[in-house]
Amino acid sequence: ATQGNAVRSLKEKKADKAEIDSAVKQLLELKAQFKAATGKDWKPDNSNNAKASGGKTEPKQTSSGSPKAPAGKGASELNAKVAAQGDAVRKLKSEKAAKSDIDAAVKILLQLKADFKEATGLDWKPGMEIKEPTTGSSSSDQLDQKIRDQGDAVRKLKAEKADKSVVQEAVAVLLALKADFKAATGNDWQPGNAPA
């Protein structure tokens, strides 16, 4: 409801089209999250829960207490969404938007970061490059080789006593490759794995 009001307000003010498009995109993402959580399309009078929480709905929680990542979203797609939402939050702050609008945008950003961490096992950081695993019989072999090469690169950086941030960045790439391997094969990567 809050984001819908923000969109209406921007349209009434005849704001810049890019600004309206960004707000509409946020609104559509919120509606998609609502549908994923409830199985129903969002309507202004959809539930007593939405009214009780001031128009905001909470994502459905898994048994572990963390929001469930929407099915079918790849790590690179989530990475792009986190970056876009971060830009939207910064834009709202720079425009000195209403606190409720900023809070709603930040809530979405935090949810997307949690979804990213659930999907990859990594905390999201600006500038991360995530590559989706390729399909095909040789994709696990290619990933295995990339993991081995990246592991060698990490060991070399550590042996050279490289700057900690450089080592951490290389380790993040290694962990992302291992997550891709698991997504492609269903198994954790092990050093003893021989390429098939």
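Structure: above.
Residues numbered from 1 in each chain as written. Predicted model: local features only at pLDDT ≥ 70, side-chain atom pairs only at ≥ 80, totals over all residues. Heavy atoms only, no water.

1. Focus: the overall build of the protein chain
What counts, and what does not: For helices the rule is a DSSP run of H or I covering at least 4 residues; for strands it is a run of E covering at least 2, with both sets numbered from the N terminus onward. Type-normalised accessible area, obtained with a 1.4 Å probe on protein chains alone, sets the label of each residue: buried when under 20%, exposed when over 50%, and partly exposed for intermediate values. Here, residues are in contact when the closest pair of their heavy atoms is within 4.5 Å. Here the open area of atoms and residues is found with the Shrake-Rupley method and a 1.4 Å probe, where only the protein chains shown may cover a residue.
Tallying secondary structure elements over the protein chain gives 7 helices and 0 strands in all. Going from N to C terminus, the protein chain has its helices and strands arranged as α-α-α-α-α-α-α. The buried share among the 196 residues of the protein chain stands at 30%. Intrachain contacts of the protein chain at a sequence separation of at least 6 include 58% that bridge at least 24 residues. As displayed, the protein chain offers around 12400 Å² of accessible surface, 54% of which is attributable to carbon and sulfur atoms.

2. Some details on the packing of helix α4 (residues 75–94) against helix α5 (residues 99–120)
To keep things clear, this is the line we draw: Under this scheme, a helix contributes an axis fitted over its contacting stretch, all axes are lines through C-alpha atoms, and angles between N-to-C directions fall in the 0 to 180 degree range. With respect to orientation, any angle under 35 degrees is reported as roughly parallel, any angle over 145 as roughly antiparallel, any angle of 65 to 115 as roughly perpendicular, and every other angle as oblique. A clockwise turn of the near helix away from the far one marks a right-handed crossing, whereas an anticlockwise turn of less than a right angle marks a left-handed crossing. Classification used: nonpolar for Ala, Val, Leu, Ile, Met, Phe, Trp, Tyr, Cys and Pro, charged for Asp, Glu, Lys and Arg, polar for all others including Gly.
Relative to each other, α4 and α5 sit at 160°, their axes nearing to 9 Å. For the element pair α4 / α5, the angle class is roughly antiparallel. In this structure, α4 meets α5 at a crossing whose hand is left-handed. On α5, the residues that touch A75, L78, N79, K81, V82, Q85, G86, V89, L92 and K93 of α4 are D101, I102, A105, V106, I108, L109, L112, K113, D115, F116, A119 and T120. Tallied by class, residues from the contact of α4 with α5 come to 13 nonpolar, 4 polar and 5 charged.

3. Looking at the packing of helix α6 (residues 139–159) against helix α7 (residues 164–185)
Where α6 contacts α7, the two axes come as close as 9 Å, and the packing angle between them is 160°. In terms of axis orientation, α6 runs roughly antiparallel to α7. For the pair α6 and α7, the sense of crossing is left-handed. Contact with α6, carried on its side by S140, L143, D144, K146, I147, Q150, G151, V154, L157 and K158, involves V166, V167, A170, V171, V173, L174, L177, K178, D180, F181, A184 and T185 of α7 and no other residues of that element. When the residues that make up the contact of α6 with α7 are grouped by side-chain class, the tally is 13 nonpolar, 4 polar and 5 charged.

4. Here we look at the pattern of salt bridges
As a reminder, the rule being used: Should a side-chain nitrogen of Lys or Arg be within 4 Å of a carboxyl oxygen of Asp or Glu, the pair is scored as a salt bridge.
Using the criterion set out here, one finds 6 salt bridges in the structure. Its salt-bridge partner being R148, residue D144 comes within 2.7 Å of it at the nearest N-O pair. With D144 and R148 both in helix α6 and 4 residues apart, the pair spans about one turn of that helix. For D144, a relative accessible area of 2% corresponds to the buried category. With relative accessibility at 24%, the residue R148 sits in the partly exposed group. Here K182 and D188 are joined by a salt bridge, their closest N and O atoms 3.2 Å apart. Classification of K182 by relative accessible area gives partly exposed; the value is 41%.

5. Structural notes on the nonpolar core
The condition is simple: Think of a nonpolar core as a cluster: buried Ala, Val, Leu, Ile, Met, Phe, Trp, Tyr and Cys residues, connected wherever their side-chain atoms sit within 4.5 Å.
The biggest cluster of nonpolar side chains holds 13 residues, and the ones touching the most others in it are V82, L112 and F116. When contributions to this core are tallied by element, the ones reaching two or more residues are α4 and α5. Looking at which element gives the most residues to this core, the answer is α5, with 6 residues. By size, the runner-up hydrophobic cluster in this structure holds 10 residues, among which are L157, V167, L174 and F181.

6. Digging into unusual backbone geometry
Positive phi is not limited to glycine here, since K96 has a value of about 55°. Inspection of the secondary structure puts K96 in the loop between α4 and α5. Here the phi dihedral of K161 falls at roughly 55°; this positive angle occurs in a residue that is not glycine. Take K161: it is sitting in the loop between α6 and α7.

7. Brief notes about the side chain of Q85
Here is the rule we go by: The definition of a polar contact used here is a pair of N or O atoms within 3.5 Å, where within protein one atom must be able to donate a hydrogen and the other to accept one, and adjacent residues in sequence count solely through side-chain atom pairs.
Mapped onto the elements, Q85 comes out in helix α4. For Q85, a relative accessible area of 3% translates into the label buried. Looking at Q85, its side chain comes within polar contact range of the main-chain oxygen of A105, at 3.0 Å. Once residues within four sequence positions are removed from consideration, Q85 is found in contact with Q26, E29, A105, I108, L109 and L112.

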